[in-house]
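Report on the structure
As a plain string of letters, each chain reads:
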Number of protein chains: 2
Amino acid sequence: MKKITIKDIARIAGVSLATVSRALNNLPRISPATKEKILRIASRNGYSPNPLARGLSKGKTNNIGLVLIDITNPFYSPIIQAIERKVEEEGCNLLVTNTEHSLTKEEKYINSLLENRVSGLIISPIQNPQRYLELLKKRKIPAVFLCPPSEVKCDCVDVDNIKGAYDAVNHLIRLGHKRIAYISRGLRHRHPACQRFLGYRNALRDNNLPFSDELVVETITGQGKIEEGYQAAFKLLSNGGNPTAIFTFNDLIAIGCMRALKEKGIRVPEDIAVVGFDDIGFAQFLDVPLTTVKIPEYEMGDIAATLLFERINGERKANNYKRICLIPELVIRKSCGSRFIHDLIPDFASHRKTTESQAIKHR
Amino acid sequence: MKKITIKDIARIAGVSLATVSRALNNLPRISPATKEKILRIASRNGYSPNPLARGLSKGKTNNIGLVLIDITNPFYSPIIQAIERKVEEEGCNLLVTNTEHSLTKEEKYINSLLENRVSGLIISPIQNPQRYLELLKKRKIPAVFLCPPSEVKCDCVDVDNIKGAYDAVNHLIRLGHKRIAYISRGLRHRHPACQRFLGYRNALRDNNLPFSDELVVETITGQGKIEEGYQAAFKLLSNGGNPTAIFTFNDLIAIGCMRALKEKGIRVPEDIAVVGFDDIGFAQFLDVPLTTVKIPEYEMGDIAATLLFERINGERKANNYKRICLIPELVIRKSCGSRFIHDLIPDFASHRKTTESQAIKHR
DNA sequence: TTGAAAGCGCTAACAG
DNA sequence: CTGTTAGCGCTTTCAA
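Here, residues in each chain are numbered from 1, in the same order as that chain's written sequence. Lettering of chains starts at A and numbering of ligands starts at 1, both following the order in which they are written. In view of the model being predicted, local features appear only for residues whose pLDDT reaches at least 70, and side-chain atom pairs are presented and counted only at 80 or more, with totals across whole chains, interfaces and linings using the full set of residues.

Before going further, it helps to examine the overall build of chain A. Secondary structure summary: chain A contains 12 helices and 13 strands in total. Taken along the three principal axes of its C-alpha coordinates, chain A extends 85 × 40 × 40 Å. For the exposure call, what matters is how many other C-beta atoms sit within 10 Å of a residue's own: 20 or more marks it buried, 12 or fewer exposed, and in between partly exposed, using C-beta atoms placed from the backbone. Sorting the 363 residues of chain A into buried and exposed places 50% on the buried side. Remark: residues whose backbone-derived C-beta atoms lie within 7 Å of one another are considered to be in contact. Intrachain contacts of chain A at a sequence separation of at least 6 include 72% that bridge at least 24 residues. Comment: elements are numbered from the N terminus, with helices defined as DSSP H or I runs of at least four residues and strands as E runs of at least two.

Okay, structure coming up:
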């Protein structure tokens with residue numbers, strides 16, 4: 001039993017291929033009568049178009065590519081979910097790839113997706129998106145970047161990392177901390193670790209606290225995973241900076257870090273306070289509930305997908321790029337030892353809210 | 001600047017399309033000399049085949065479809081990672097879809113993937129795979145099912161849920177518990193909640209403990225998320241069964257459950273012990289580190305992908321189905337109040353080990 | 001309003 | 001060994 005094609009339908013309806021195609025694609029030059037007739041025949045015979053054939057002749061498919069750095073980081077979970085939902089709403093499919101911090105994989109996947117004629121791309125890039133911009137333009141494939149490692153002229157949704165870090169460190173300072181460490185993800189001058197580093201330094205500066213190199217640790221592989229934080233914490237403790245608080249690049253690193261501290265018999269927050277970044281879903285359920293800088297992840301994915309479809313549907317002029325910058329928010333829990341412990345029951349459904357974006361548009 | 005096609009290559013090389021195709025596809029009837037020449041021209045011109053055209057004419061693509069129930073459940077993270085890696089090794093792309101426990105979405109996605117001529121499918125199904133078997137056979141698309149909700153004649157990788165549950169409950173009994181509750185995910189007779197329920201009952205029976213209906217709670221939506229566990233716990237506590245221990249369908253439910261207990265001022269494990277299922281990555285880092293039944297997730301994904309490619313590459317006879325059943329293992333941590341608290345530093349790299357499968361093959 | 005016909009880029013008989 | 005040719009299923013001019 002072979003699948004039915006437009007040819008079959010044409011035969012049954014006694015019309016030409018072109019007419020069937022017009023009916024199926026809602027194209028103008030066709031009489032309502034024949035259109036209805038064809039549509040009826042199509043649905044009665046369970047016709048569904050072959051996406052490959054359509055893609056080949058149109059040079060474009062209904063697939064959207066998603067390129068992620070680390071699909072296992074729960075930070076991306078709500079992002080994927082949001083994107084997936086939007087993509088589905090638009091009648092498209094989602095192709096998810098995972099680069100695992102590998103540049104070669106990143107390039108390979110982007111190329112592969114382009115070859116597969118995706119009609120759009122959402123990329124959480126490792127390297128400067130600039131690298132891909134020309135290619136994308138040449139192929140006329142719209143793309144939205146998530147937290148790109150540098151400012152470029154493209155559609156992207158980002159987070160105000162400087163503010164987030166600043167708020168976190170500032171909070172620690174208010175609590176009386178003077179020797180605050182920063183565990184970077186990879187080199188401190190690599191974006192976005194760099195921006196968070198900046199926020200960290202600014203907060204120190206504004207409070208007249210000295211900056212000390214011993215208090216900054218850069219993780220080796222830069223993958224931002226739990227084990228990295230674990231190792232980094234040991235390194236930090238052996239540096240002799242005697243931190244009383246640690247601000248980490250992300251929650252996973254914070255988790256690893258707290259594990260190391262625990263193992264060393266150092267109490268959190270009594271001996272050392274810890275603040276993370278992201279507010280992944282588990283942050284509130286941890287051994288020591290984590291104070292962290294919340295990124296509205298679901299919203300981030302939702303906005304990215306929206307921006308992408310705006311472009312795909314041609315609702316925006318070619319050079320009218322949008323850079324949406326989301327404002328992160330400090331969520332105070334136990335790990336920083338504040339008197340104000342808000343370890344409340346989470347608003348479980350919060351990430352589903354379709355509230356108006358708190359986003360602000362930069363420039 | 002248009003992309004180069006085999007036509008161009010044929011022209012440049014002064015040969016026919018067929019010859020180019022033969023060179024590019026490593027087909028036999030071609031002389032080494034022309035083959036090399038063509039390959040050189042191709043690579044010098046940065047040629048890469050159009051997957052859509054190829055897919056159209058072959059009726060098959062290099063894409064593999066993955067159908068998940070809940071992409072946000074960290075249980076799937078290592079599974080996705082394993083599959084993704086294998087798929088990449090085989091030079092294929094992965095199409096990930098997320099059904100979010102919706103039957104319509106499940107059907108829709110499977111159909112859509114088939115229409116897109118994926119060359120294989122890995123499905124974590126909501127409903128009985130039987131439903132899809134005929135369709136898959138007709139289309140000749142191999143598929144591997146993850147934890148299918150019933151035994152069917154197909155390739156699948158599963159977990160010995162009965163044993164896992166039995167071990168968990170048995171352990172609680174050994175610790176002296178007599179009133180042990182079970183929080184099911186959805187109806188207790190729905191697979192795999194049913195199997196875990198069975199293990200639970202068997203353990204009670206073997207230890208001459210009475211079964212009490214008040215001690216079983218079925219969650220409403222059956223999505224197995226944190227909030228469900230949270231609500232279920234309240235329901236359980238109001239049932240009057242006075243449990244001293246709770247065995248939950250999965251870790252997320254356990255987390256929600258522990259949150260509810262905490263809110264009620266009930267201590268874990270002193271007042272009530274809790275045991276989960278899955279051993280998601282975060283289980284060990286929780287407020288109260290979770291005793292749970294570990295499923296070797298990475299291995300599960302790895303095996304699934306291996307089985308799939310065995311089929312795709314025709315390495316197995318049509319009716320030689322494999323059902324790999326992984327053996328879960330109880331991981332004892334603090335939440336069950338054992339004297340033997342193994343809250344050790346995790347073997348961070350453990351899931352990457354490519355150790356020989358501990359799997360056993362059933363029938 | 002409809003149809004004929006030429007592709008989209010590649011594969012796969014079938015001849016030579 | 002190599003070339004010719006006919007598709008794969010659909011879109012899209014261009015005529016009618």
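Attention shifts here to the packing of helix α1 (residues 6-13) of chain A against helix α2 (residues 17-24) of chain A. In a pair of packed helices, the angle between the axes and the distance between the axes together describe the arrangement. All names here are of chain A. Helix axes use the C-alpha atoms of the stretch in contact, all axes being lines fitted to C-alpha atoms, and the angles between their N-to-C directions lie in the range 0 to 180 degrees. Here α1 crosses α2 at 105°, and the two axes come no closer than 9 Å. Classed by the angle they form, the pair α1 and α2 counts as roughly perpendicular. Residue-level inspection shows I6, K7, I9, A10 and A13 of α1 in contact with α2, the latter providing L17, V20, S21 and L24. Lys, Arg, Asp and Glu make up the charged group, whereas Ala, Val, Leu, Ile, Met, Phe, Trp, Tyr, Cys and Pro make up the nonpolar group; the residues left over, Gly among them, are polar. Class assignment for the residues of the contact of α1 with α2 results in 7 nonpolar, 1 polar and 1 charged. Note on terminology: angles under 35 degrees are roughly parallel, angles over 145 are roughly antiparallel, angles of 65 to 115 are roughly perpendicular, and the others are oblique.

The C-beta atom of each residue is placed using the backbone, and any residue whose C-beta lies within 6 Å of a molecule or strand is treated as near it. Around DNA strand C there are 26 residues in total, and A18, R29 and S57 of chain A together with T5 and A53 of chain B lie nearest to it. Put simply, the parts of the chain that give the surface near DNA strand C at least two residues each are α2 and α4 (51-58) of chain A together with α2 (17-24) and α4 (51-58) of chain B. The dominant element in the surface near DNA strand C, judged by the number of residues it contributes, is α4 of chain B, at 5 residues. Here the surface near DNA strand C is built from residues that sort into 12 nonpolar, 10 polar and 4 charged.

So, about the relation of the copies chain B and chain A. Applying a rotation about an axis and a shift along it to one chain copy brings it onto the other copy. Copies overlap after least-squares fitting; the atoms used are the C-alpha atoms of residues with pLDDT of at least 70 in both. Least-squares fitting of chain B to chain A yields an RMSD of 0.1 Å, with the transformation described by 0.0 Å of translation along the axis and a rotation of 180°. Here the symmetry operator amounts to a two-fold rotation axis. Minimal C-alpha separation from the rotation axis in chain B is found for D287 of chain B, amounting to 1.6 Å. Of the interface residues in chain B, 100% have counterparts in chain A that sit at the interface too, so the contact is made through matching surfaces.

Residues and elements named next belong to chain A. Cis rather than trans, the peptide bond between H191 and P192 has omega equal to -5°. Inspection of the secondary structure puts P192 in the loop between β6 (180-184) and α9 (193-206). Following V268, the chain continues to P269 via a peptide bond in cis, the omega torsion being 5°. Following the sequence through the fold, P269 ends up in the loop between α11 (251-263) and β9 (273-278). Even without a glycine there, the phi angle at K140 is positive, about 60°. Relative to the helices and strands, K140 resides in the loop between α7 (130-139) and β4 (143-146). Even without a glycine there, the phi angle at C147 is positive, about 45°. Position of C147 among the secondary structure elements: in the loop between β4 and β5 (155-159). Taking the C-beta count within 10 Å as the criterion, C147 has 18 such neighbours and is therefore assigned partly exposed.

Our next topic: the protein's contact with DNA strand D. Taken together, 25 residues are adjacent to DNA strand D, and T5 and A53 of chain A together with A18, R29 and S57 of chain B come closest. Mapped by element, the contributors of at least two residues to the surface near DNA strand D are α2 and α4 of chain A together with α2 and α4 of chain B. With 5 residues, the top contributor of residues to the surface near DNA strand D is α4 of chain A. Among the residues making up the surface near DNA strand D, the classes are represented as 12 nonpolar, 10 polar and 3 charged.

The next thing to look at is the confidence of the model for chain A. Confidence of the predictor in every single residue is expressed as pLDDT, which spans 0 to 100. Here chain A averages 90 in pLDDT, and 93% of its residues register 70 or above. For residues 339-363 of chain A, every residue scores under 50 in pLDDT, and the model assigns this stretch 29 contacts once sequence neighbours within four places are set aside.

Within an α-helix, residues lying three or four positions from one another point in the same direction, as the helix has 3.6 residues per turn. All names here are of chain B. The span you would expect from a helix comes to 1.5 Å times its residue count less one. Counted at 1.5 Å a residue, the expected span for helix α3 (residues 32-44) with its 13 residues is 18 Å, and the 18 Å between its end C-alpha atoms agrees. Among the residues making up α3, those that are buried are I38, I41 and A42. What you see down the axis of α3 is that its buried residues fit within an arc of 100°, all on one side. Among the exposed residues of α3, those pointing more than 90 degrees away from its buried face are P32, A33, E36, R40, S43 and R44. Residues of α3 that are buried in the fold lie against α1 (6-13) and α2. A positive phi of about 60° marks G46, the residue just after α3. What the arc covers is the set of directions going from the helix axis to the C-beta atoms.

This next bit is on the sheet that holds strand β6 (residues 180-184) of chain B. Residue and element names in this part refer to chain B. Strand order in the open sheet formed by 6 strands is β7-β6-β8-β9-β10-β12, with mixed pairing between adjacent strands. Across the chains shown, the open sheet's two edge strands, defined by having one partner strand only, are β7 (216-218) and β12 (329-331). The sheet shows a mean angle of 20° between the axes of neighbouring strands, direction not considered. Strand pairing is assigned whenever DSSP identifies at least 2 bridges connecting the two strands. Relative to strand β10 (residues 291-294), strand β9 (residues 273-278) is paired through 4 bridges, and the arrangement is parallel. Paired with G276 across the strands is T292, a residue of β10. Against the sheet, helix α10 (residues 226-238) makes contact with β6, β7 and β8 (245-248), and its axis sits at roughly 140° relative to β6, the strand it touches most. The strands touched by helix α11 (residues 251-263) within the sheet are β6, β8, β9 and β10, with β9 carrying the most contacts at an inclination of about 155°.

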